[in-house]
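Per-entry structural report
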Amino acid sequence: MAKQTWTATGRRKRSSACVRLTGGTGNITVNGVDANEYFPNQILVMDLKQPLMATDNENRFDIEVTVRGGGYSGQAGAIRLGIARALLKFDSNTDQSREDSYRKVLKSNGLLTRDARVKERKKYGLKKARRAPQFSKR
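Residues numbered from 1 in each chain as written. Predicted model: local features only at pLDDT ≥ 70, side-chain atom pairs only at ≥ 80, totals over all residues. Heavy atoms only, no water.

1. Here's the deal with the sheet that holds strand S5 (residues 61-68)
Strand order in this open sheet of 5 strands is S1-S2-S5-S3-S4, and the pairing throughout is mixed. Edge strands, defined here as strands with exactly one partner in the open sheet, are strand S1 (5-12) and strand S4 (33-34). In the sheet, strand S3 (residues 28-30) pairs with S5 via 3 bridges, with the strands oriented parallel. Looking at the pairing, Val30 lines up with Val65 of S5. (Pairing = 2+ DSSP bridges. Helix = DSSP H or I, 4+ residues; strand = E, 2+ residues; numbered from the N terminus.)

What follows is the structure in structure tokens.
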């Protein structure tokens, strides 16, 4: 019989991550590579593990992630949101009014909010979104 999986999608900036949670030992694979090798900075790995640490599940799930677009920081943020949403699906059949429900823990840590900040579009007549050409008096 196949293992039960929980899937969710997370997005941040220009990045989109599809996260698949299965029971396991805590291995995190990003695009077929271990997360510690994929990300150049250990802080980004700690950032994407925040939902697991908040719910005490660091060694309970194997996580397989497919992420596209953006840079490393945006990808780590997208994975973090995807993991938090997948944990909610895992915990969906328990009583949500309990104080230790995953929803309350994740929401109090701010891990269920999608960061809506994206790059502002460039406007005509300007060099970037808001940067105007240098003014010359003469």
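2. A short note on the packing of aromatic side chains
By the definition in use, this model includes 7 aromatic pairs. Summarising the aromatic geometry, the rings of Phe39 and Tyr72 are spaced 6.2 Å apart at their centres and angled 70 degrees between planes, so their arrangement reads as edge-to-face. Separated by 33 residues along the polypeptide, Phe39 in the loop between helix H1 (35-38) and helix H2 (42-48) and Tyr72 in helix H4 (residues 72-90) bring together distant segments of the chain. On the accessibility criterion, Tyr72 (43% relative accessible area) is partly exposed. Judged by centre distance (4.9 Å) and plane angle (80 degrees), the ring pair of Phe61 and Phe90 falls under edge-to-face. Of this pair, Phe61 sits in strand S5 while Phe90 sits in helix H4, placing them 29 residues apart in sequence. Accessibility assignment for this pair places Phe61 and Phe90 in one class, buried. One aromatic cluster is present, built from ring pairs that chain together Trp6, Phe61, Phe90 and Tyr102. (Phe/Tyr/Trp six-rings, centres within 6.5 Å; stacked < 30°, edge-to-face > 60°. Buried < 20%, exposed > 50% of the residue type's maximum accessible area, 1.4 Å probe, protein only.)

3. A few points about the pattern of salt bridges
Applying the stated criterion across every chain yields a total of 6 salt bridges. Between Lys123 and Glu120 there is a salt bridge, and its shortest N-O distance comes to 2.4 Å. According to the relative accessible area criterion, Lys123 is partly exposed, its value standing at 26%. (Salt bridge = Lys/Arg side-chain N within 4 Å of Asp/Glu carboxyl O.)

4. Notes on the environment of Leu48
By the secondary structure assignment, Leu48 is in helix H2. Here the alpha-carbon distance between Leu48 and Thr113, two residues 65 residues apart in the chain, equals 14 Å. Not counting the four nearest positions on each side in its chain, Leu48 is found in contact with Ile28, Phe39, Ala76, Ile79, Arg80 and Ile83. (Contact = heavy atoms within 4.5 Å.)

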